Amino acid sequence: MSDDTTTRVPAKTDDSVVKNPYSWPANEHQPPPRTTDLSERAAKRAARQVATMFLLSGVFVALFFVAFTYMSPTDTVEIPYLGEIGGQHVALGLTFGMAVFLIGAGTVHWAKKLMSNVEVVQPRHDFKSTPEDTQGALEVFEEGVEASTWKKHPVIRRTLLFAMALVPLPFIISLRDLWLTPPGVPNPDAMLQYTIWTKGQRLVRDITGEPVRAEEIPVGGLVNCNPEDLEAVEETEGNLNARAKAAIIVIRMEPDEIQSLQIPDGAWNGIIAFSKICTHVGCPISLYQQRTHELLCPCHQSTFDLSDSANVVFGPAGRHMPQLPITVDDEGYLIAQSDFLEPVGPSFWTITGEVGP
Amino acid sequence: MSKAEELGGGLATFVDERTGSNAWMRKNLNKVFPDHWSFMLGEVALYSFIVVLITGVYLSLFFRPDMTEVIYQGPYVPLKGVQMSDAFNSALEISFEVRGGLLMRQIHHWSALLFIGAVVVHMFRVFFTGAFRKPREMNWTIGVTLALMTIFAGFSGYSLPDDLVSGTGLRIAEGIMLSIPVVGTWASFLLFGGEFPGTDFISRLYGIHILLLPGIILALVTVHLILVWHQKHTQFAGPGRTNKNVVGYPLMPVYMAKAGGFFFLIFGVIVLISALVQINPIWTFGPYVPDQVGAGTQPDWYAGWMDGALRLFPPTEFRLFGYTWVMNIFIPALIIPGLVSISAYIYPWLEAKVKKDDREHHILDRPRDAPTRTGLGVMAITFYVVLAIAAGNDLIAIGFDLSINELIWWLRIATIVLPPIAFLVTRRICLSLQRRDREKLTHGRETGRILRLPHGEFIEVHAPLNADERAKIEAKVDVEALPEPAENDESGVRNPDFKKERRWSKLSGWFWRNNIEKPTDHEIEHGDEHIAEQVELEKPLREIEDKVVIGHDGSTLHHPGQPETNKEQYEQWVKDHPHPKSDPS
Ligand code: HEM
Ligand code: FES
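Residues numbered from 1 in each chain as written. Chains lettered and ligands numbered in written order. Predicted model: local features only at pLDDT ≥ 70, side-chain atom pairs only at ≥ 80, totals over all residues. Heavy atoms only, no water.

Per the secondary structure count, chain B includes 20 helices and 8 strands. Dimensions of chain B along its principal axes, counting C-alpha atoms only, are 95 × 80 × 65 Å. When each of the 585 residues of chain B is scored for burial, the buried share is 47%. Contacts in chain B between residues at least 24 apart in sequence constitute 72% of all its contacts with a sequence separation of at least 6. Carbon and sulfur atoms make up 66% of the accessible area of chain B, which totals about 29,400 Å². Side chains of chain B carry 55 positive and 64 negative charges; the gap between the two charge centres is 4 Å. (Helix = DSSP H or I, 4+ residues; strand = E, 2+ residues; numbered from the N terminus. Buried < 20%, exposed > 50% of the residue type's maximum accessible area, 1.4 Å probe, protein only. Contact = heavy atoms within 4.5 Å. Areas by Shrake-Rupley, 256 points an atom, 1.4 Å probe, with all protein chains shown as cover. Lys, Arg positive; Asp, Glu negative; His and termini not counted. Charge placed at Lys NZ, Arg CZ, Asp CG, Glu CD.)

Okay, here's the thing in structure tokens:
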């Protein structure tokens, strides 16, 4: 707090304190002078630097235009550590980025080097109103209440509150048709009970759509399948809903490796089919370890022992993976005996079937 | 007067004659803003939000939120002929056919990430410095709502392109909705327009993402900033700064230039990052198909901790009264985040309730000066970090060759044990820092110089604190805990709220306990005298030393033109290395 700090306060501030009640006095404690405060040459140099940055920003806009016009989105460039990226993308980004950045850099440089850096002091006041104002507000309010007859006619008060409570209902009720319920469906839970699997429907591979013969699945192997009808159903329904429930995995183990089954006569010669949709929150699973017969969900690592009724052996899932009863038809293709016997996918309030790990 | 000035003046007069705006300008153009790096965090949030808005408008001109299935015919060869939703198709079009489209997508995603990150860090700066205290509790509440809205906005935008990764995220969100007791299936069916995934969801999400959430955020940000403006920004303690003033730079021109320039800097950096660092390359994920999943994919960082909680929560699904209670999902995915949000909302009121005074606070706390609060904050961060780590447990297990089962058990234990440990350790550290501050105030700064007095005693010389440090330490407020209530009042009538008051008083005692009380004025004065004495004792020695000719850098020779004595060299050095806040006295 020696004298040289206070002498740095420009005389202007003192004058304007008198002229303008909203200009604040300088703080007694000021940062030391900058080179640009002390030397006119340094100040000129800083001004040149700022101007150069603004100018360069314009140059980069021109370069952006060139890259936009003369390059193509399919150009690629190889950048060390970052790999191959779109050449035009990089050129547009660098030119636009620099154009924007330089305006910022120039402005901040200007503020730091050239603008006044005198810290000033503005007073603060408590926010609380004066007692007179509070009293006044109260009086105005009470007079208003009085004038409205709000207190005199309680029946108006009550009926208004009643009406106001009800009036949002039409809007809220209208939201009901966010789901246009198909005819014959009583509630959402009913739809979650079944999938499109039906008796006799062939299992087809999920990518190629070819039906699967029992002998095509080796012991220890896993095949991802869908119902044969899936494509036709998706065609008519125009959505992927059927697939989100019907997807299954089919595995084969030596019959004596099977410890237990949810549906004892739902397997065929060691071939068992399970839902592919995790009973935790619904990720499709296909990480299968044939040695331990464990199925591992990639989302939250629920682990199911497929040789033991697909029960949960570890992780957060609460239910086993439902089994799809299968057999083979006359031509040796795998077919479903029926739909799943319990809902597939994440658990919900009215879900039935086995619960607990 | 130049032409431009005339024009500007004319416009100002026009508006003023119709609104009285000049009086407002006079009052506000030199509004003072204090300077501190941590006050820029809110600005970072604001500026990245503006970038999000600008790029979002651009993307909305090209993106088609339509789940109709189409066959890809565009230039990206690996996906040619693949069936996908038109939403995904149009996102590919923006990435590969529209010039600069990929850049805009990347800027939008990067600025959204920066936005949410800045909001959260800003929130913690407000928390740790106690900026939420009276009179700013309302703004804290608005802030918590903003934080939640930004997270929803991030998640809804992430899901729009309908790629395999975000689709899996939506599937998880749907599974979570199903777990809600009683109404879960209805909630899910109404949102998705039927079963998952349906064909309505992307277009519904689109409206939410581009209209509803930005509208709410914009409105709340406006109120937030009006309140900051009206209440004036808080400041850290320093020479000349009190609870009754604001010390800093006036809006016009310094703050305007710095803030405006800072916007362009942030914008520029985001664009440069977007040019060089790839984010969310949806074409490598492919379109969403409900029976496919990409292993090892991660959600954006702000959703990670909830995913971690889902991974760690033990299977606790059970049947009761004929219904299924899916607690293994409902608790980690909805109850825990709900409790975290509620704690954030009520914290300022809780803290106000456990202390006696009712003052306005405009000088910020240093985190060490509120050890329990700081401990709670670090505890929350630890909780978040453990769960975020848990969200990558599969990658960690593979990377470090651990058994995933064991890892999950360790993480379960860590989630429960580490946060309280973090709390205790932090509080301890804060208290020792306070103790050291107290020491400095009464004994000065240790210089490391040992002095042998004529009678043989050794003392370490202490130097007076500089004004900055002194002001900071002295600004600490000793908060009084609530007093122990009396069971009966003077006339022997039993206090009906006795039990309640005693509970609050206990909580208050716990919150403020172990406070290291600030030294009294007398103690400080006494310390000052003591320091002055030591300095006096050392003076003759300093004088000799100052005359010695040894290079300040340790060399025995000095260069021609270099000042000769230690003292002169030191002074020269100080002049060459000005410290922005150095005390010239
Ligand atoms: C959309 C998100 C947000 C934006 C754009 C935003 C913007 C800002 C800005 C520019 C400031 C003044 C500079 C500063 O102190 O950093 C500020 C102050 C403040 N913000 Fe935020 N903020 C956001 C979210 C939040 C959140 C999540 C909280 C807390 C829960 C919060 C609480 C506060 C408080 C209490 C102040 C006053 C601080 C003081 O005067 O020291 N804000 N905000
Ligand atoms: S979805 Fe399978 S473990 Fe969570």
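What follows deals with the pairing of strand E11 (residues 311–314) of chain A. All names here are of chain A. With 3 bridges connecting them, strand E10 (residues 303–305) and E11 associate as antiparallel partners. Bridging from a neighbouring strand, Phe 304 pairs with Val 312 of E11. Where E10 folds back onto E11 in an antiparallel hairpin, the turn is made up of 5 residues, including Ser 309, whose phi is positive at roughly 60 degrees. (Pairing = 2+ DSSP bridges.)

Here we come to the environment of Glu484(B). Residues and elements named next belong to chain B. Checked against the element boundaries, Glu 484 lands in the loop between helix H17 (467–474) and helix H18 (498–512). It is 9.4 Å that separates the C-alpha atoms of Glu 484 and Arg 503, two residues lying 19 residues apart in sequence. Apart from the residues lying within four places of it in its own chain, the contact partners of Glu 484 are Arg 502 and Ser 505.

Let us now look at H18(B). Residues and elements named next belong to chain B. Given a rise of 1.5 Å per residue, 15 residues ought to cover 21 Å, and the 21 Å separating the end C-alpha atoms of H18 matches this to within 8%. Burial in H18 covers these residues: Phe 498, Ser 505, Ser 508, Phe 511 and Trp 512. Along the axis of H18, the buried residues cluster in a sector spanning 145 degrees; they form a single face. Away from its buried face by more than 90 degrees, H18 exposes Lys 499, Arg 503 and Lys 506. Asn 514 sits one or two positions beyond H18 and adopts a positive phi of about 65 degrees. (Expected span 1.5 Å × (residues − 1). Arc of directions from axis to C-beta.)

Right, let's talk about helix H6 (residues 131–148) of chain A for a bit. Its 18 residues place the ends of H6(A) 26 Å apart at the C-alpha level, agreeing with the 26 Å of an ideal helix rising 1.5 Å per residue. Of the residues flanking the end of H6(A), it is Thr149(A), one or two places downstream, whose phi is positive at about 65 degrees.

Turning our eyes to something else, we now look at the confidence of the model for chain B. Where the model shows low pLDDT, its predicted coordinates should not be examined in detail. Residue and element names in this part refer to chain B. Summarising the model, chain B shows a mean pLDDT of 87, and 92% of its residues fall at 70 or more. Summarising per-element confidence for chain B, the mean pLDDT is lowest in helix H20 (residues 566–576) (68) and highest in helix H3 (residues 40–62) (96). Contacts for the low-pLDDT stretch residues 581–585, under 50 throughout, to residues beyond four places or in other chains number 9 contacts. Across the predicted assembly, pTM comes out at 0.87 and ipTM at 0.87. (pLDDT = per-residue confidence, 0-100.)

All right, on to the state of the cysteines then. As used in these notes, a disulfide is a covalent bond between sulfur atoms, one from each of two cysteines. Residue and element names in this part refer to chain A. Per the counting criterion, the structure on display carries 1 disulfide over all chains. Note on cysteine connectivity: Cys 283 is disulfide-linked to Cys 299, with sulfurs 1.9 Å apart. The chirality of the disulfide connecting Cys 283 with Cys 299 is left-handed, given an S-S dihedral of about -85 degrees. With Cys 283 in the loop between strand E7 (271–275) and strand E8 (287–289) and Cys 299 in the loop between strand E9 (294–296) and E10, this pair connects stretches of sequence that are 16 residues apart. Free of any disulfide, Cys 225 has its nearest cysteine sulfur in Cys 297, 19 Å distant. (Disulfide = S-S within 2.5 Å.)

As summarised here, the arrangement of the 5 strands in space is E4-E5-E6-E7-E12 (chain A), forming an open sheet in which the pairing is antiparallel. Each edge of the open sheet is held by one strand with a lone partner, namely strand E4 (203–205) and strand E12 (323–324) of chain A.

All names here are of chain A. In terms of burial, E7 is largely enclosed, as 5 of its 5 residues are buried. Side-chain alternation along E7 places Ile 271, Ala 273 and Ser 275 on one buried face and Ile 272 and Phe 274 on a second face that is also buried. As paired strands, E7 and E12 are joined by 2 bridges and run antiparallel to one another. Its bridge partner lying in E12, Ala 273 is registered against Leu 324.

This brings us to the site of ligand 1. All names here are of chain B. Inspection of the region around ligand 1 gives 24 residues, with His 122, Arg 125, His 224, His 233 and Thr 234 positioned closest. At 2.7 Å from a nitrogen atom of ligand 1 is found a side-chain nitrogen or oxygen belonging to His 224. Of all the secondary-structure elements, those providing two or more residues to the shell around ligand 1 are H3, helix H5 (101–128), helix H6 (137–159) and helix H9 (201–231). The biggest single contributor to the shell around ligand 1 is H5, with 6 residues. (Near = heavy atom within 4 Å. Polar contact = N/O pair within 3.5 Å; in protein donor to acceptor, adjacent residues only side chain to side chain.)

Let's shift gears to empty space enclosed by the protein. All names here are of chain B. Across all of its chains, the model carries 6 cavities of 30 Å³ or more by this definition. Estimated volume of the largest cavity: approximately 160 Å³. For the largest cavity, the lining is made up of 19 residues, of which Asp 369, Ala 370, Val 477, Val 479 and Trp 512 are closest to its centre. Among the secondary structure elements, those contributing two or more residues to the lining of the largest cavity are helix H14 (371–390) and H18. (1 Å grid on protein atoms, 1.4 Å probe; cavity = no way out; pocket = protein on both sides within 12 Å on 5 of 7 lines; lining within 4 Å. Points joined across faces, edges and corners; volume = space filled by probe spheres on them.)

Our next topic: the domain arrangement of chain A. Assigned domains within chain A: domain 1 (1–124), domain 2 (136–172) and domain 3 (194–336). For domain 2 of chain A versus domain 3 of chain A, the distance between C-alpha centres works out to 63 Å. (Domains from an automatic or database assignment.)

All names here are of chain A. Assignment of secondary structure puts Arg 319 in the loop between E11 and E12. Among buried Asp, Glu, Lys and Arg side chains, Arg 319 stands out as unpaired, with Glu 342 the closest opposite charge at 4.5 Å. A polar contact of 3.0 Å, which involves the side chain of Arg 319, links it to the backbone oxygen of Pro 343. (Salt bridge = Lys/Arg side-chain N within 4 Å of Asp/Glu carboxyl O.)

To continue, consider the sheet that holds E8(A). In sheet architecture, strand pairing relies on hydrogen bonds along the backbone and comes in two forms, parallel and antiparallel. Residue and element names in this part refer to chain A. A sheet is described by the order of its strands in space; here 4 strands give the open sequence E8-E9-E10-E11, paired in antiparallel fashion. The outermost strands of the open sheet, each flanked by one partner alone, are E8 and E11. Strand-to-strand twist in this sheet, taken as the mean axis angle between neighbours without regard to direction, amounts to 35 degrees. Pairing analysis gives 3 bridges linking E8 to E9, with the strands arranged antiparallel. Following the sheet pairing, Leu 287 is matched in E9 by Leu 296. (Axes fitted to C-alpha atoms, helices over the stretch in contact; angles between N-to-C directions.)

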